[in-house]
Amino acid sequence: MNTKQSLSPFDIFAKEYDAWYDSQEGKIFYENEKRCIKKLLNSCERVLEVGVGTGRFAVLANQAVGIDATFAPLKIAKKRGIPVIQAKAEKLPFRDKSFQCVMFVVSLSFIKDAVNALLEAKRILKKDGKMIICDVFKESELGRFYEEKKRMGHSFYSHANFYDFSEFKEIIGKTGLNIKKVYGILKKSPLEPLELESPLEIEKFDQLPGFVCIEVCE
């Protein structure tokens, strides 16, 4: 049996994935995404990131713990000082009401059962806690760009199930949670040169930017 065939692409290409954030393009993407996340993360003390990957976003929190289903990225996150556990989003190894914030950064689209993952996140949230869900939606220009990459068999995106915003709202509705605030960034076409942007609060969802961060509470 070929061992690589049994591994997730996030295991096989963990180092390459992480190194992209230090590339010329990746640095600008990363800085823009961080700016958007920080609009909602600043009020959080103890954070669980579900789908922590290599820890690039968990390091933004004052105190973070990360879980991921794949092992290789966790080794990199651990080197960044993030306490990590290998676990699935649908079965979190934590007590009820143990985190003030739970964060998903472009990970919900890669989770098989999004509803159960969010219900688990809801279970471990403290009273008055919140979730921060950041993702790329299909109706955005970046979303359409990623959907084409998925169609062409991209190593990562072929495993994703990108949602349009109406589908996302249905999923949130099934969990008994409510959308409180929405911020977005990466407004330009992915085919245009990247530049640093400022995140904007979104109130109308007919024209979403490429990267969207949503605060969700009970």
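These figures come from a predicted structure and were not determined experimentally.

Let us look at the pattern of salt bridges. Per the stated rule, a full pass over the model turns up 13 salt bridges. Taking the shortest distance from any N to any O, the salt bridge between Glu31 and Lys34 comes out at 3.6 Å. Here Glu31 and its partner Lys34 are both found in helix H3 (residues 24–41), 3 residues apart, which amounts to about one turn of the helix. We classify Glu31 as partly exposed; its relative accessible area is 25%. Judged by its relative accessible area of 17%, Lys34 is buried. Put simply, Glu167 and Lys138 hold a salt bridge, and the shortest N to O gap is 4.0 Å.

So, about the side chain of Arg56. As for its placement among the helices and strands, Arg56 is situated in the loop between strand S1 (46–50) and strand S2 (63–68). There is a polar contact of 2.9 Å between the side chain of Arg56 and the side chain of Asp18. Ignoring any residue separated from it by four or fewer positions in sequence, one finds Arg56 in contact with Asp18, Tyr21, Asp22, Tyr30 and Arg80.

The next subject is helix H4 (residues 71–79). Each α-helix turn comprises 3.6 residues. Residues three or four places apart therefore point the same way. What H4 keeps buried is the set Ala72, Pro73, Leu74, Ile76 and Ala77. Here the buried face of H4 lies against helix H1 (9–12), helix H2 (14–20), S2 and strand S3 (84–86). Once H4 ends, the next one or two residues include Gly81, with phi positive near 90°.

A complete count under the given rule lists 2 disulfides for this structure. A disulfide bridge connects Cys134 with Cys213, and the sulfur atoms are separated by 2.2 Å. One disulfide, between Cys134 and Cys213, carries an S-S torsion of 110° and so falls in the right-handed class. Here Cys213 lies in strand S8 (residues 211–217) and Cys134 lies in strand S5 (residues 125–135), a separation of 79 residues in the sequence.

A separate point is the packing of aromatic side chains. Tallied over the entire structure, the rule returns 21 aromatic pairs. An angle of 65° between the planes, with centres 5.2 Å apart, marks the rings of Tyr21 and Tyr30 as edge-to-face. Summarising the burial analysis for this pair, Tyr21 and Tyr30 share the class buried. A centroid spacing of 6.3 Å and a plane angle of 40° characterise the contact between Phe145 and Tyr146, whose relative ring orientation is tilted. Residue Phe145 is classed as partly exposed on the basis of its relative accessible area, which comes to 29%. A residue is classified by how much of its surface remains accessible, and Tyr146, at 11% relative accessible area, is buried. Note that Lys34 overlies the ring of Tyr30, its terminal NZ or CZ placed 4.5 Å from the centroid. In this structure, Arg56 is placed above the aromatic ring of Tyr30, and the distance from its NZ or CZ to the ring centre is 5.5 Å.

What counts, and at which threshold
Residues numbered from 1 in each chain as written. Predicted model: local features only at pLDDT ≥ 70, side-chain atom pairs only at ≥ 80, totals over all residues. Heavy atoms only, no water. Salt bridge = Lys/Arg side-chain N within 4 Å of Asp/Glu carboxyl O. Helix = DSSP H or I, 4+ residues; strand = E, 2+ residues; numbered from the N terminus. Buried < 20%, exposed > 50% of the residue type's maximum accessible area, 1.4 Å probe, protein only. Polar contact = N/O pair within 3.5 Å; in protein donor to acceptor, adjacent residues only side chain to side chain. Contact = heavy atoms within 4.5 Å. Disulfide = S-S within 2.5 Å. Phe/Tyr/Trp six-rings, centres within 6.5 Å; stacked < 30°, edge-to-face > 60°. Lys NZ or Arg CZ within 6 Å of the ring centre and 35° of its normal.

Note that all results are geometric; they support no functional claim without further evidence.
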